[in-house]
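A closer look at the structure
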Amino acid sequence: MDRRSLMKKAGIAGVLATGIAPAVHAQAAIRWRLASSFPKSLDTIYGAAEVFAAQVKAMSGGKFEISTHAAGELMPAFGVVDGVQQGTVEMAHTAPYYFFGKNECFALGTAIPFGLNSRQMTAWMYEGNGGKLMREFYAKYNMVNFPGGNTGAQMGGWYRKEIKTLADIKGLKMRIGGFAGKVLERLGGVPQNIPAGEIYQSLEKGTIDAAEWVGPYDDLKLGFNKVAPFYYYPGWWEGGPQLDFFINDKAFNGLSAEYKAIVENAAAHAHTVMQARYDARNPAALKQLVGAGTKLRPFSNDVLSEAFKQSMALYDELGSKNADWKKIYADYSGFRAEQNLWFRFTEATFDRFMQAQKL
């Protein structure tokens, strides 16, 4: 009789009496290292890696432990993909779009301008073809991916001067995450790819004119309101940016089926917790920022419309020269169209009504 049959017939008490432990407890102890692209001070985005590691340890009965390391501890923030690909560390937690320089398709794993919102992104990954397509793509880099959190729609960043028209973007040096810089360039801006821990100093010294990170809770922690007075919305380049856990394929394939299931479920838990933290903490942080003098401003329709136009043109151009992009974006864009049709009649209508009420 095999172990599973025995467990089913005898029940857990009977199995323990025979001295045969459940599968998880029969596994050898494993120790992994996780390199994050984020500083420890950001308990939301860096914290997702800690949530993940804690779940893996708990579900494995302490047999599978993963130490988490902030950006700069083991490798630079933007060195984590190379670290995983080369097997220097077993895994990383990062925003895939930081690595669009390797291939523009990395951006599709996080967010692209005027893309999916957070719920739509999760739907594409788990129930659409997103998970399959991105898994095939990352395999080229010796990595296995799992969704690892989402910030929800982001703010449009901090500016030392007002952005009233498209002309105000000309020559603007802005820290902007990953792929969105390609669209900013087409609007006349000058994108800068700077890790979170270096943004404040760059903005304070005037090395850059503007910077975006995530939203009120993180931005307040990072102190951007002290060095730039204007806070714009929405972050049209990040409607639902997803983080990922990247795992070296040899390390992952070396796990037992039980440990693989633990990793998958711990990642899903961290994915949910991360956005819950942002959604719960951003409102109070926004009130605090406004109370301290932050000047909230919406992007003008002219800015949004031109950014949309340039984004769509960029995607068409990429499709003509990047076969990976053409394949994945075709599915992504089709899914986006269907989702927006559905959300238009449900979520968006409900939200507009509720946000007009006095609560």
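Position numbers for residues start from 1 in each chain and track the written sequence from start to end. Per-residue local features of the predicted model are confined to residues with pLDDT of at least 70, and side-chain atom pairs are confined, for both listing and counting, to 80 or more; whole-chain, interface and lining totals are unaffected and use all residues. Only hydrogens and water are set aside when side-chain values are computed; all heavy atoms of the structure are taken into account.

Below, the discussion takes up the overall build of the chain. Counting its secondary structure elements, the chain contains 14 helices and 11 strands. The C-alpha extent of the chain, read off along each of the three principal axes, is 75 × 45 × 45 Å. Burial classification: accessible surface area is computed with a 1.4 Å probe over protein chains only, and a residue below 20% of its type maximum counts as buried, one above 50% as exposed, and the rest as partly exposed. When the 359 residues of the chain are sorted by exposure, 49% land in the buried category. In what follows, a contact means two residues having at least one pair of non-hydrogen atoms within 4.5 Å. Considering only intrachain contacts with a sequence separation of at least 6, the fraction spanning at least 24 residues in the chain is 77%. All accessible areas in this document rest on Shrake-Rupley with a 1.4 Å probe, and a residue is counted as covered only by the protein chains that are shown. Accessible surface, the chain as shown: approximately 16100 Å² in total, 53% of it carbon and sulfur. All tallies of charge rest on Lys and Arg as positive and Asp and Glu as negative; His and the ends of each chain are not included. To locate a charge, take NZ of a lysine, CZ of an arginine, CG of an aspartate or CD of a glutamate. Here the chain holds 40 positive side-chain charges and 34 negative ones, and the gap between their average locations is 2 Å. In this text, helices come from DSSP runs of H or I with a minimum length of four residues, and strands from runs of E with a minimum of two, each type numbered from the N-terminal end.

In this section: the sheet that holds strand β9 (residues 230–233). Judged by pairing direction, the sheet is mixed, and its six strands sit side by side in the order β7-β6-β8-β5-β9-β11 without closing on themselves. For this open sheet the edge positions go to β7 (190–192) and β11 (295–298), each flanked by a neighbour on one side alone. Two strands form a pair only when DSSP identifies at least two bridges running between them. Relative to strand β8 (residues 210–211), strand β5 (residues 157–159) runs antiparallel, the two being bridged by two bridges. What sits directly across from Trp 158, in β8, is Ala 211.

Another point: the packing of aromatic side chains. Note on aromatic pairs: the rings of Phe, Tyr and Trp (six-membered ring only in Trp) are paired at centre separations within 6.5 Å, and the planes decide the class, stacked below 30 degrees, edge-to-face beyond 60, tilted for the rest. For the coordinates displayed, the defined rule picks out 32 aromatic pairs. With centroids separated by 6.3 Å and ring planes inclined at 55°, the aromatic side chains of Phe 38 and Tyr 98 adopt a geometry described as tilted. Of this pair, Phe 38 sits in the loop between β1 (30–36) and α3 (47–59) while Tyr 98 sits in the loop between β3 (91–94) and α5 (118–126); the two residues are 60 residues apart in sequence, bridging distant segments of the chain. Taken individually, Phe 38 and Tyr 98 each receive the classification buried, so the pair is uniform in this respect.

As a further point, take the side chain of Ser 202. Looking at where Ser 202 falls in the secondary structure, it is placed in helix α8 (residues 196–205). Residue Ser 202 is classed as buried on the basis of its relative accessible area of 14%. A distance of 3.0 Å separates the side chain of Ser 202 from the backbone oxygen of Glu 198, its partner in a polar contact. Aside from chain neighbours lying at most four places away, what touches Ser 202 is Ile 194, Thr 207 and Ile 208. Side-chain atoms alone can form a polar contact between residues adjacent in sequence; in general such a contact is a pair of N or O atoms within 3.5 Å, and within protein one must be able to donate a hydrogen while the other accepts it.

This part is about the sheet that holds strand β4 (residues 143–150). Reading across from one edge, β2-β1-β3-β10-β4 is the order of the five strands in this open sheet, with mixed pairing throughout. A strand with exactly one partner marks an edge of an open sheet, and here the two such strands are β2 (64–69) and β4. Mean inter-strand twist for the sheet, computed between neighbouring axes without regard to direction, equals 25°. Where β1 lies against β3, three bridges are found, and the strand directions are parallel. Across the sheet, the residue bridging to Leu 34 is Met 91, located in β3. Axis angles are defined between N-to-C directions and span 0 to 180 degrees, where every axis is a line fitted to C-alpha atoms and, for a helix, only to the segment in contact. With respect to the sheet, α3 is in contact with β1, β2, β3, β4 and β10 (242–248), its orientation differing from that of β2 by roughly 165°.

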